Amino acid sequence: MSVFDILLTYHIAFLQGLRVTLMLCAVIWTAGLVLGTALGVVGAHSPKSWGRFTRGASFAFSAIPTLVILFWLHYPAQAALGIVIDPFYTASLTLSLVNIFAVGEMVRQAVTDFPAQYIIAGRVCGLPTRDIVTRIQLPILFRQLLPGLLVQQVGMLHATLFASLISVEEIFRVAQRINSTVYRPIEIYTALAVFFLIVCLPVTMFAALLKKRFTRDFSER
Amino acid sequence: MLQADNIHFGYGDRKILNGVSLSVPTGGVTVLIGPSGTGKTTLLRCLALLEKPQSGTLTVDGQTYAYPLSGPMPPAPWPKLTAVFQQLFLWPHLTLCDNILMPAERRGMAGLEAELAALIDAFDMGDFIHRYPNEASLGQRQRAALARALILKPSYLLLDEITSALDVEQIAKILDYLKNLRGQSIGIFIITHLLGFARHAADQVVFMANGEVVESGTSDILRNPQTERLFQFLSVIAAAS
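Our subject in this report is the structure included herewith. (Residues numbered from 1 in each chain as written. Chains lettered and ligands numbered in written order. Predicted model: local features only at pLDDT ≥ 70, side-chain atom pairs only at ≥ 80, totals over all residues. Heavy atoms only, no water.)

## Re the overall build of chain A
- Of regular secondary structure, chain A possesses ten helices and zero strands.
- Classification of the 221 residues of chain A by burial places 44% in the buried group.
- For chain A, restricting intrachain contacts to residue pairs at least 6 apart in sequence, the fraction spanning at least 24 positions comes to 75%.
- Accessible surface computed for chain A: about 11,900 Å², of which carbon and sulfur atoms make up 70%.
- Looking at chain A, you have 17 positive and 10 negative side-chain charges, and the mean spots of the two groups are 10 Å apart. (Helix = DSSP H or I, 4+ residues; strand = E, 2+ residues; numbered from the N terminus. Buried < 20%, exposed > 50% of the residue type's maximum accessible area, 1.4 Å probe, protein only. Contact = heavy atoms within 4.5 Å. Areas by Shrake-Rupley, 256 points an atom, 1.4 Å probe, with all protein chains shown as cover. Lys, Arg positive; Asp, Glu negative; His and termini not counted. Charge placed at Lys NZ, Arg CZ, Asp CG, Glu CD.)

So, in structure tokens, the structure goes:
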């Protein structure tokens, strides 16, 4: 059986796995980018309350391996509370939390470190606060944050593979199950790699497009 | 009239300005000179209402800012009062052209194309106006930063060493331009080490040392200093040049 044969034979299973993976990504990316950005902005403006919380939580979520958090939330936490939650939701929550605090800390740092002189220049030029934010701060921050945020989101896509370990029927688990049936690891995992390339390619191309369109080397010569 | 009375400013125990008083009339050029680290830039920032002095009073065309402020600060009259800093602070994501135009456009000013063309011509900016700040030399950036302030038609223009990276020809052009602004009722306050400019263009020269105004008057004080400290300062500069 060639890679093509396997893809053709099991395409429905692969597509279902891909659908679950993309649903996970949609939840994780949306939560991370929306809530993480909000948390980062609030953290930068309230450094002693939300800022400390963001820094602490970001440190905890980056120091503790994602797999440990996932397993902890899936097994002991649910056992202690006497509840059973669909593994998809557990994985979504875990990976969203990781993404929210990672994005939050990136945004908090960027906003905190934003060079005050650009704001001062806006003020003495008579720009209102709204224009300073929309015309100066946001474009500069966007260009500064874009590469890191995209790398983080691709990393979160890869992290969805952990969900297979708590029985979420995402693409990696589908590949494992097919492999246990036909035992063609080279072909199956090659097919899986191709799947990830196909999914990552638009993201990478989009990132490159945004980078080309919006990011420049600001360093003065 | 932009006026400072008995301005005190410091960080903790470190005094930067110690009872500085001066006035910047409209239609005149006030040149501030003094040794490095004497509080000239801090004074400019106070005059630009970017720093809050510990005590003293600033008055801009009748609006008084009495420090320490007893309530919320009255709105600063930017860009009627504007400044160009030594570090320029051009926005890096905009071309020099957009840096100059954006604030004026956002303020809804009319006739900007003609104004821009006149400034490009006056400051020889045609060759680099569409470059980003990091693609331009320091001298080119200095001219663009000055143009960004001028296109806003300020009543008071505060300039901090904005000719430090220009060649002699460019300095002469810009200083001539600034001299001519006197006729447009703009009050210019300029920190510079160019004593030649101070001699020929200043209506008022202020000499500062150790956070205090040591001597002020017409440009005659540069030829005939009345204090030992200014005499020493001028002697050092004369020896260095």
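## Looking at the state of the cysteines
- Taken as a whole and judged by the stated rule, the model has zero disulfides over all chains.
- The structure places no disulfide on Cys97 of chain B, whose sulfur is separated from the nearest cysteine sulfur, that of Cys125 of chain A, by 14 Å. (Disulfide = S-S within 2.5 Å.)

## Some details on helix 7 (residues 116-124) of chain A
- Residues of helix 7 of chain A that are buried include every one of Tyr118, Ile119, Ile120, Ala121, Gly122 and Val124 of chain A, and no others.
- Contact partners of the buried residues in helix 7 of chain A: helix 8 (129-159) of chain A together with helix 1 (40-47), strand 6 (81-84) and helix 4 (138-150) of chain B.
- Of the residues flanking the end of helix 7 of chain A, it is Gly126 of chain A, one or two places downstream, whose phi is positive at about 80°.

## Focus on helix 3 (residues 112-122) of chain B
Residues and elements named next belong to chain B.
- Residues Leu112, Leu116, Leu119 and Ile120 constitute the buried set of helix 3. Along the axis of helix 3, the buried positions cluster into a sector of 100°, meaning they face one direction only. Away from the buried face of helix 3 by more than 90 degrees, exposed residues Ala114 and Asp121 are located.
- Considering only its buried residues, helix 3 is in contact with helix 2 (96-106), helix 4 and helix 5 (168-181).
- Asp124 sits one or two positions beyond helix 3 and adopts a positive phi of about 50°. (Arc of directions from axis to C-beta.)

## A closer look at unusual backbone geometry
Residues and elements named next belong to chain B.
- The residue after Tyr67, namely Pro68, is reached through a cis peptide bond having omega -5°.
- Turning to its location among the elements, Pro68 is positioned in the loop between strand 5 (63-67) and strand 6.
- Cis rather than trans, the peptide bond between Trp78 and Pro79 has omega equal to 0°.
- Mapped onto the elements of the fold, Pro79 is located in the loop between strand 5 and strand 6.

## A short note on the interface of chain B and chain A
- At the junction of the two partners, chain B supplies 23 residues and chain A supplies 23 residues.
- Taking both sides of the interface into account, the surface hidden between chain B and chain A amounts to around 2,200 Å²; carbon and sulfur atoms contribute 62%.
- Area buried by chain B at its contact with chain A is led by His93, Arg106 and Asn134 of chain B, which between them contribute 32% of it.
- Our count for the chain B to chain A interface comes out at one salt bridge.
- In this structure, Asp131 of chain A engages Arg106 of chain B in a salt bridge whose closest nitrogen and oxygen atoms are separated by 3.1 Å.
- At the boundary of chain B with chain A, the tally comes to five residue pairs in polar contact (both at pLDDT 80 or more).
- Those elements giving two or more residues to the side of chain B that touches chain A turn out to be strand 6, helix 2 and helix 4 of chain B.
- For the side of chain B that touches chain A, the per-class residue count stands at 14 nonpolar, three polar and six charged. (Buried area = accessible area lost by both parts, 1.4 Å probe. Salt bridge = Lys/Arg side-chain N within 4 Å of Asp/Glu carboxyl O. Polar contact = N/O pair within 3.5 Å; in protein donor to acceptor, adjacent residues only side chain to side chain. Nonpolar A, V, L, I, M, F, W, Y, C, P; charged D, E, K, R; others polar.)

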